[in-house]
Amino acid sequence: MPVTPDQNSKLRNIAIIAHVDHGKTTLVDAMFRQSGLFRDSQVMDDRLMDTMDLERERGITIAAKNCSVVWKGVRINIIDTPGHADFGGEVERALSMADGAILLVDASEGPLPQTRFVLKKALAAGLKIVVVINKIDRQDARAHAVLDEIYDLLIDLEATDEQIDFPLVYAIGRDGIAIKEPDETGHNLDLLFDTIVEEIPGPSYDPGAPFQLRVSDLSYSDYLGRLAVGKIFNGRARARDSLVCMGENGKQVPLKVSKLQIYEGMTLTVVDEVQTGDIVVIAGIENVKIGDTICHHEHPRALPRIRVDEPTVSMKFSVNTSPFGGQEGKYVQSSRLRERLVKETLLNVAIQMAETNDRDSFLVKGRGEFQLAILIETMRREGFEFCVGQPEVIFRHEKGKKLEPIEKLFVDCEESFLGIVVEKLSLRKGKMINLVNNGSGRVRFEFSVPSRALIGYRDEFLTDTRGTGILNSIFDGYDEYRGDCSSRFTGSLVADRTGTGVAYALFNLEPRGRLFIEPGDPTYEGMIIGEHNRSQDINVNPCKEKKLTNMRASGKDEAVILSPIKPLTLEFAISFIREDELLEVTPRSLRMRKTILSASKRHTANASKYK
């Protein structure tokens, strides 16, 4: 007879799902305050769960994180999931530890595409859903219409009857208020805590099964070494127990745990024993990978591994070979670069790395160019100096057909911009799926677009819609290759010598296109200093000074006034470069350059390419 699983009633493991800027981190702050984790008089930072500098700067969640609060004797482990589809690997890791999920939706914006992506993963995992409609105090709140949209979304995602019959809570996360109806007056989050405890099931387990823990996250401590984070599915364990780690190939590696820790708030507390359902941090383990199972050596039994979607975009990382190489970075060697990328693949299941024929270059694969941009920004802040190539989508070949990744694109813009947006997306091989015009002056429509066509389009979209358009996309599988399309219709202004930018020269180059450098900026031969108005590249001299003469007319030496330049950002540079160009990344600078720096060698290479 099958064994009926038991439940640990003293624990709740929940993941919080929300689109970017729907108030997830602010709500968690309020839950911390009310649960008694902090004294009333204690000074507390905002957005406690945004622990990375990049998360605080961008206002998004990048890495999944854990914390816990205690409510009426029940410990609630909260798993903060990213709201962006590019960090899907983090989502899949986080959901593997959860028994339920809170779907947090803005009362005005409603469920947006990134919410759809994470919710789809949660429903597929069979998690119990609690819906929280947040920010109901907004003047443009439309709580009842948003609730209908949530039902439509769940039905569209083929949720079960139990999942559609969800508990509903309205909230003002900033003020720490949860209520049953939008027009009620609330004072605290008691309703939300009670709903979690009553509706989310405790972790289920087989009482007769041996100890099993699946590793869902990895970290590192200077004092304790490698840390493995995971949920206990069955059994108990004590510090100093003799355990084994079961890898992907079933190989058993003996290990001895030096320390067991669980989350209390945002901090870790050492315990002697852990039980079923606990989210545990184990110290003293080496050579462990995400997805491995840790169990007692007497009863080795592996759990199903965490499987994530395949990467869709690749970029080449290489050593910086520019004339300015090694001047600004702390780590410049290929061995250091390789070591750092290997470390990233161990900590992030959605990132893959492959060797290339060139020992100084490595191919890195991820979910999207945004995920790779975050990796690049993180590495440059750590002191790395390197070059990256153009992002390229990863094609598949099945049954003699070439397949490419497709994105479902959701656009919200003013009606007057509809024509230009549709025209641009059609040129990029996009197909319109749906169009909704409610007569409010704004239109919403959906497109099916190749992933490669969206690289570099987001900045163009904001320009076309005067900054008022909203663009969101989610991965929609693979489809047959839709044909060639150009992602950039302009060329590059390329410096033809090493020197320093001069105002006189740059002023005379302004009619040629948009400049990326200012007077005083260093340049070298092959460096891209601007965007040409026409499709071809052009070599220019940004260092040319005005010749002096012994005769000057009145008003001859008027001050040169240059147009202000837009600061070069990492995302723009990645989307701007072509296949024969590279982005030079250092802790202090971003420079775009040609792969072949010498103008004469580029000319020879282009001539041989067309023969």
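The notes below deal with the structure included here. (Residues numbered from 1 in each chain as written. Predicted model: local features only at pLDDT ≥ 70, side-chain atom pairs only at ≥ 80, totals over all residues. Heavy atoms only, no water.)

## Describing helix 1 (residues 24-34)
Here helix 1 lies mainly inside the structure; eight of its 11 residues are buried. Those residues of helix 1 that sit buried are Lys24, Thr25, Leu27, Val28, Asp29, Ala30, Met31 and Phe32. (Buried < 20%, exposed > 50% of the residue type's maximum accessible area, 1.4 Å probe, protein only. Helix = DSSP H or I, 4+ residues; strand = E, 2+ residues; numbered from the N terminus.)

## Focus: the packing of helix 10 (residues 418-427) against helix 12 (residues 457-464)
In contact at an axis separation of 10 Å, helix 10 and helix 12 are set at 160° when each is read in the N-to-C sense. As judged from the angle between their axes, helix 10 and helix 12 are roughly antiparallel. In this structure, the crossing between helix 10 and helix 12 has a hand that is right-handed. Here Ile420, Val421, Lys424 and Leu425 of helix 10 lie close against helix 12, whose contacting residues are Tyr457, Glu460, Phe461 and Asp464. Residue composition of the contact of helix 10 with helix 12, grouped by class: five nonpolar, no polar and three charged. (Axes fitted to C-alpha atoms, helices over the stretch in contact; angles between N-to-C directions. Parallel < 35°, antiparallel > 145°, perpendicular 65-115°, else oblique. Left-handed = near helix turned anticlockwise from the far one by under 90°. Contact = heavy atoms within 4.5 Å. Nonpolar A, V, L, I, M, F, W, Y, C, P; charged D, E, K, R; others polar.)

## Some points on the packing of helix 8 (residues 334-347) against helix 9 (residues 369-381)
Between helix 8 and helix 9, whose axes approach to 12 Å, the crossing angle comes to 130°. Taken together, helix 8 and helix 9 sit at an angle that is classed as oblique. Where helix 8 crosses over helix 9, the handedness of that crossing is right-handed. Seen from helix 8, the contacting residues are Leu337, Arg340, Leu341 and Glu344; seen from helix 9, they are Leu375, Thr378 and Met379.

## Quick notes on the packing of aromatic side chains
The relation between two aromatic rings is expressed through the spacing of the ring centres and the mutual angle of the planes. Under the counting rule described, the total for this entry stands at 11 aromatic pairs. With centroids separated by 4.9 Å and ring planes inclined at 45°, the aromatic side chains of Tyr331 and Phe384 adopt a geometry described as tilted. Taken together, the residues Tyr331 in the loop between strand 20 (313-319) and helix 8 and Phe384 in the loop between helix 9 and strand 23 (386-388) connect sequence positions 53 residues apart. Phe384 carries the same exposure label as Tyr331, and that label is buried. Taken together, the ring pairs connect Phe516, Phe572 and Phe576 into an aromatic cluster. Lys231 extends its terminal NZ or CZ atom over the ring of Phe233, reaching a point 5.0 Å from the ring centre. Lying over the aromatic face of Tyr481, Lys402 brings its terminal NZ or CZ to 4.4 Å of the ring centre. (Phe/Tyr/Trp six-rings, centres within 6.5 Å; stacked < 30°, edge-to-face > 60°. Lys NZ or Arg CZ within 6 Å of the ring centre and 35° of its normal.)

## With respect to the nonpolar core
Of all hydrophobic cores here, the largest spans 42 residues; its most connected members are Leu103, Leu119, Ile129, Ile133 and Ile150. Element by element, the count of residues in this core is highest for helix 5 (residues 143-156), at six residues. If we ignore the near neighbours within four places in the chain, the residues touching Leu119 are Ile17, Leu103, Ile129, Leu153, Leu154 and Leu157. Core analysis: the next-biggest nonpolar cluster, separate from the first, contains 29 residues, Ile351, Val364, Leu570 and Ile574 among them. (Core = buried A, V, L, I, M, F, W, Y, C linked by side-chain atoms within 4.5 Å.)

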